Amino acid sequence: MSNLLANLNTEQLQAVTLPAQHGLILAGAGSGKTRVLTTRIAWLIQSGQVDPAGILAVTFTNKSAKEMLARLATMLPVSTRGMWVGTFHGLSNRLLRAHHRDAGLPQLFQILDSADQLAAIKRLLKTLNVDDEKFPPRELQQFINGQKDAGIRAHAVEAWDDYTRQRVQLYQEYESQCQREAVVDFAELLLRSYELLERNEPLRRHYQRRFRHILVDEFQDTNRLQYRWLKLFADEGREGGAAMFCVGDDDQSIYRFRGAEVGNMLDFEREFRVPNVIRLEQNYRSHSNILDAANAVIRHNTKRLGKNLWTDQGAGEPIRVYEAFADGDEARWIVEEVQALVREGALRSEIALLYRSNAQSRVLEHQLFSAAIPYRVYGGLRFFERQEIKHALAYLRLIANEDDDTSFARVVNFPTRGIGARSLELLSDAARTYNTSFYATVPHLSGKPGSVLAQFVRLVEDMRRDTAGLPLPEVVDHVLDHSGLRAHYKADKDGRERLENLDELLNAAAYFAAEVQVNARTDADSEVDARMQAHAQLADFLAHASLEAGDHQADQGADAVQLMTVHSAKGLEFNAVFLSGLEEGLFPHENSILESDGLEEERRLMYVAVTRARERLYLSFAQSRMLHGQTRYNLRSRFLEEIPTELVKWLTPPNPRSAAGGAMGGVGGGYFKPSAPVPLERAPRPSFATLPNGLKIGQSVSHAKFGQGVIVAAEGSGTDAKVQIKFETAGVKWLLLAVAKLEAV
DNA sequence: TAATCGTTGGTTTTT
DNA sequence: CCAACGATTA
């Protein structure tokens with residue numbers, strides 16, 4: 001045990017060994033938050049204060065749940081069996097499966113991910129003949145999820161205007177549709193399990209007695225419903241309830257836009273009369289120049305619980321700041337700098353290129369690609385979100401739950417079987433009159449549509465029959481073959497990658513089944529009925545696929561430069577970090593300036609970005625940037641001005657003209673702001689009539705390599721000026737005037 | 001049913 | 001500018 005607690009600092013030790021009371025741990029970036037959380041669990045168990053089954057540990061992502069379990073495994077000699085560690089959604093799912101009857105759900109209910117939910121809403125609007133211009137599906141989705149995240153059912157929504165009343169009605173209709181189809185969306189998992197425990201006292205008491213310690217990671221990211229969910233387990237903090245141990249950092253709360261309530265931290269402290277509030281302020285990640293910059297920036301926020309990070313690692317290198325003319329130049333400079341770092345022996349995977357919005361990755365990728373530097377972009381399609389995977393899963397879901405109309409509609413004509421929009425409309429109408437699922441409605445139909453649909457139903461029936469009792473991987477394999485998916489992609493000339501992904505799905509199923517085997521042997525908690533096994537395991541796998549969409553990209557092994565948004569960088573760290581696009585309107589984002597407290601959230605985002613760096617931090621911005629097909633001229637971000645001058649080393653001469661208004665004394669400090677001349681956003685627009693070299697649109701020119709052509713368009717000015725030329729033989733091309741040697745003909 | 005054209009909109013994201 | 005989606009057409 002002494003081993004367990006070795007090398008903890010005073011505050012960490014205090015947090016880890018807190019008595020069985022509520023605790024709020026304000027853990028700054030890089031202060032060893034995860035370590036404290038896991039060590040506390042290990043300590044509680046090892047010191048005999050609690051049985052593993054008395055632990056409930058909640059995280060936001062599967063990744064952190066896994067990491068926690070992995071670390072626990074190295075700390076504890078006993079197995080983690082009986083412990084509940086997982087995401088809010090994963091644990092809710094577990095609860096609902098175990099008590100599906102009490103929750104009013106069939107055992108094999110399916111989980112809708114966001115895309116499925118959107119499809120379900122679109123389908124609903126169609127069947128109800130609702131104008132989707134008046135009720136945009138996306139907005140409706142947000143509305144419904146927003147209500148659910150606040151714990152509000154359709155009947156309880158306060159609607160003061162007609163529009164809201166109509167949306168509430170659609171919310172209600174959506175609910176009925178989900179119930180009819182035995183599907184549950186993400187927000188519903190939470191709400192349903194919350195209501196289950198709230199209404200079922202014996203069950204609630206059971207879990208309240210069972211879990212003696214509830215530990216929550218990233219507490220600042222909880223939404224209202226999640227907080228209430230936790231309170232339910234903790235018996236509202238009453239005497240005899242579980243001890244709540246919440247770890248979070250209000251300064252890293254960057255998900256308000258999706259419902260996170262930092263206020264939960266204050267509410268928790270107040271409502272639970274938390275006797276222990278501990279601040280972890282020693283940072284083990286970054287040199288002090290970087291930390292000081294982060295502290296200086298976040299100090300500008302008013303709504304804080306208050307915290308100041310420090311380190312004993314020394315000042316380290318200055319923060320490097322670079323001003324570029326255009327986004328392309330900025331990217332080129334970043335890539336050169338990356339190359340220099342790599343030459344000095346840096347690992348590419350230890351270099352991160354961060355940006356505020358995904359669109360910015362394009363320029364960076366372009367330059368990296370030209371320089372042949374391996375890179376990896378985070379974000380984008382994840383494994384279980386791929387088209388071919390979703391198709392395969394839809395077949396599997398139909399086997400588990402034939403009432404899942406979303407899945408039915410998805411694959412009824414994929415691969416094509418001559419079932420078009422016409423037949424589907426017919427079916428949808430009939431389903432409405434009979435009030436049955438698509439699947440169950442098919443026998444009611446006659447004629448040609450009836451028979452092709454019946455054939456499809458027979459296909460699913462056959463697959464269900466033939467896979468009954470088979471091990472999961474064989475079920476998947478069978479379905480891939482008999483659904484025609486494999487054949488379809490084999491025939492498709494660019495289907496190779498999709499075929500490989502389908503094989504990967506097979507691997508995932510095999511892996512999953514093996515994992516379940518292991519757990520079933522060790523998990524005393526599960527009482528699995530062998531007869532239910534086969535298809536229950538299928539349902540578990542499908543839930544797993546929905547809840548854990550898999551990684552964004554497969555090639556993790558390679559040593560590649562890491563590209564991602566600041567949001568996705570949260571929780572990660574790198575030796576060198578490049579933060580690009582530090583411009584007003586971009587970061588802070590223009591939309592955030594209108595939102596109340598939006599700027600403070602942007603600043604927290606900046607704080608997160610800066611604290612990702614261990615040794616080197618580069619900040620850069622460009623005077624002009626291509627956005628939405630237009631060149632925009634931005635001032636540098638106000639966040640730059642918030643960093644004390646002495647921490648910074650300018651790689652380009654500090655330019656007062658690109659400084660944003662506001663606080664002086666930061667990076668741009670000491671420079672007088674000129675009153676009159678040329679705000680950069682008024683930079684001259686390119687003239688299309690006459691181009692720098694005396695060329696005109698419509699003019700015939702000749703090019704050494706491409707031959708004769710006509711100028712059809714022009715864009716940009718100065719060294720950036722480009723012309724589009726339609727060549728007689730070489731096609732249409734964009735050429736840089738400064739580079740291409742053109743001769744008027 | 002597939003292919004093509006035109007329109008639209010374009011922070012951030014996990015479950 | 002460029003991707004994604006929807007509507008139209010072969």
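Please read these numbers as outputs of a predicted model, since none were measured by experiment. (Residues numbered from 1 in each chain as written. Chains lettered and ligands numbered in written order. Predicted model: local features only at pLDDT ≥ 70, side-chain atom pairs only at ≥ 80, totals over all residues. Heavy atoms only, no water.)

Overview of the protein's contact with DNA strand C
Around DNA strand C, the neighbouring residues are K122, R362, M626, H628 and G629. When atoms of DNA strand C within 4 Å of the protein are sorted by moiety, sugar and phosphate together comprise 56%. Here a phosphate oxygen of DNA strand C and a side-chain polar atom of R362 are 2.5 Å apart. Across the surface near DNA strand C, the residue classes break down as one nonpolar, two polar and two charged. (Near = heavy atom within 4 Å. Polar contact = N/O pair within 3.5 Å; in protein donor to acceptor, adjacent residues only side chain to side chain. Nonpolar A, V, L, I, M, F, W, Y, C, P; charged D, E, K, R; others polar.)

As for the UniProt feature "domain: UvrD-like helicase ATP-binding" (unreviewed entry) in chain A
UniProt's feature table lists "domain: UvrD-like helicase ATP-binding" (unreviewed entry) at residues 6-287, given in the numbering used throughout. The span residues 6-287 carries 48% helix and 12% strand; its end-to-end C-alpha distance comes to 23 Å. (UniProt positions renumbered as here; feature names shortened; annotations may be inferred. Helix = DSSP H or I, 4+ residues; strand = E, 2+ residues; numbered from the N terminus.)

Some details on the protein's contact with DNA strand B
Looking at DNA strand B, there are 30 residues lining it, with S114, R356, G420, T565 and E595 nearest. For DNA strand B, the fraction of protein-proximal atoms (within 4 Å) that sit in sugar or phosphate groups is 53%. Here a base oxygen of DNA strand B and a side-chain polar atom of S114 are 2.6 Å apart. Interatomic distance of 2.7 Å between a side-chain N/O atom of R356 and a base oxygen of DNA strand B. Going through the elements one at a time, α25 (566-569) and α26 (590-594) are the ones with two or more residues in the surface near DNA strand B. For the surface near DNA strand B, the residue count by class is six nonpolar, 19 polar and five charged.

Quick look at the sheet that holds strand β1 (residues 23-27)
Strand order across the open sheet formed by six strands is β3-β2-β6-β7-β1-β8, with parallel pairing between neighbours. A single partner strand is all that each edge strand has here, and the edge strands are β3 (84-87) and β8 (276-280). The sheet shows a mean angle of 15° between the axes of neighbouring strands, direction not considered. With four bridges connecting them, strand β6 (residues 213-216) and strand β7 (residues 243-248) associate as parallel partners. Each residue of the ladder has a partner; that of L215, found in β7, is F245. (Pairing = 2+ DSSP bridges. Axes fitted to C-alpha atoms, helices over the stretch in contact; angles between N-to-C directions.)

What to know about the confidence of the model for chain A
Scored by pLDDT, chain A comes out at a mean of 87, with 87% of its residues at no less than 70. The low-confidence segment residues 521-531 (pLDDT under 50) makes eight contacts with residues lying over four places distant or belonging to another chain. The model gives residues 668-690 a pLDDT under 50, and that stretch makes 26 contacts with residues more than four places away or in other chains. (pLDDT = per-residue confidence, 0-100. Contact = heavy atoms within 4.5 Å.)

Section: the pattern of salt bridges
Oppositely charged side chains may form a pair once their charged atoms are brought near each other. Tallied over the full model, the rule gives 57 salt bridges. Of the charged contacts, one joins D249 and K307 as a salt bridge, the two residues approaching to 2.8 Å between their closest N and O atoms. With D249 in the loop between β7 and α12 (263-271) and K307 in the loop between α13 (288-298) and β9 (319-326), the pair connects residues that are 58 residues apart, well separated along the chain. D249 gets classed as buried once you look at its relative accessible area, which sits at 2%. In this structure, the salt-bridge partner of D503 is R486, at a minimum N-O distance of 3.5 Å. Pair noted here: D503 is in helix α23 (residues 496-522) and R486 is in helix α22 (residues 485-491), with a separation of 17 residues, a long-range link. Judged by its relative accessible area of 38%, D503 falls in the partly exposed class. In the salt-bridge network here, residues are joined through shared partners; they are K148, R153, E175, D185, E188, R192, E195 and R199. (Salt bridge = Lys/Arg side-chain N within 4 Å of Asp/Glu carboxyl O. Buried < 20%, exposed > 50% of the residue type's maximum accessible area, 1.4 Å probe, protein only.)

Brief notes about the packing of helix α16 (residues 387-400) against helix α21 (residues 472-482)
Between α16 and α21, the least distance of the axes is 10 Å, while the angle of their chain directions is 115°. Classed by the angle they form, the pair α16 and α21 counts as roughly perpendicular. Classified by chirality, the crossing of α21 by α16 is right-handed. Residue-level contacts link A392, Y395, L396 and I399 of α16 to V475, V476, V479 and L480 of α21. A breakdown of the residues in the contact of α16 with α21 according to their chemical character gives eight nonpolar, no polar and no charged. (Parallel < 35°, antiparallel > 145°, perpendicular 65-115°, else oblique. Left-handed = near helix turned anticlockwise from the far one by under 90°.)

Observations regarding unusual backbone geometry
Excluding glycine, residues mostly have negative phi values, and the peptide bonds linking residues are mostly trans. At the junction of F414 and P415, the peptide bond is cis and its omega measures out at -5° in the coordinates. Residue position: P415 is located in the loop between α17 (405-411) and α18 (421-434). Residue P588 is bonded to the preceding F587 through a cis peptide linkage, with omega at 10°. Among the structural elements, P588 can be located in the loop between β13 (574-579) and α26. Residue E236 is not a glycine yet carries a positive backbone phi of 55°. Along the chain, the position of E236 falls in the loop between α11 (224-233) and β7. Looking at E236, the relative accessible area reads 36%, which means it is partly exposed.

Concerning the pairing of β1
β1 sits mainly inside the fold: five of its five residues count as buried. Neither face of β1 is open: one carries G23, I25 and A27, the other L24 and L26, and all of them are buried. The sheet contact formed by β1 and β8 spans five bridges and is parallel. Looking across to β8, one finds that I25 is bridged to I278. Where β1 meets β7, four bridges bridge the pair, whose relative direction is parallel. Counterpart to I25 in the pairing with β7 is V247.

Side note on the domain arrangement of chain A
Each domain of chain A was delimited in the assignment, giving domain 1 (10-101 + 190-282), domain 2 (113-181), domain 3 (319-382 + 554-650), domain 4 (384-520 + 530-549) and domain 5 (699-744). Tallying the contact residues gives six residues for domain 1 and five residues for domain 4. Both faces combined, the contact of domain 1 with domain 4 buries some 420 Å², and carbon together with sulfur accounts for 51% of it. For domain 1, the biggest contributors to the area lost against domain 4 are N62, N93 and R97; these three give 72% of the whole. Across the contact surface, domain 1 and domain 4 share one salt bridge. Taken together, the links from domain 1 to domain 4 amount to two residue pairs in polar contact (both at pLDDT 80 or more). Of all the secondary-structure elements, those providing two or more residues to the side of domain 1 that touches domain 4 are α4 (62-75) and α5 (88-98). Considering every element that reaches the side of domain 1 that touches domain 4, the biggest residue donor is α5, with four residues. The residue makeup of the side of domain 1 that touches domain 4, split by class, is no nonpolar, four polar and two charged. (Domains from an automatic or database assignment. Buried area = accessible area lost by both parts, 1.4 Å probe.)

Re empty space enclosed by the protein
This model, assessed by the stated rule, comprises two cavities of 30 Å³ or more. Taken as a whole, the second largest cavity holds about 40 Å³ of empty space. The wall of the second largest cavity is formed by D327, E330, A331, Q360, V363, L364, S580 and R625. Of all elements in the fold, only α14 (327-343) and α15 (361-370) reach the threshold of two or more residues within the lining of the second largest cavity. (1 Å grid on protein atoms, 1.4 Å probe; cavity = no way out; pocket = protein on both sides within 12 Å on 5 of 7 lines; lining within 4 Å. Points joined across faces, edges and corners; volume = space filled by probe spheres on them.)

Some words on the pairing of strand β15 (residues 630-633)
Of the pairings in the sheet, the one linking strand β14 (residues 613-627) to β15 comprises four bridges and is antiparallel in character. Bridge pairing in β15 links R625 to R632. Hairpin connection between β14 and β15: a loop of two residues separates the two successive antiparallel strands, and H628 in this loop has a positive phi of roughly 55°.

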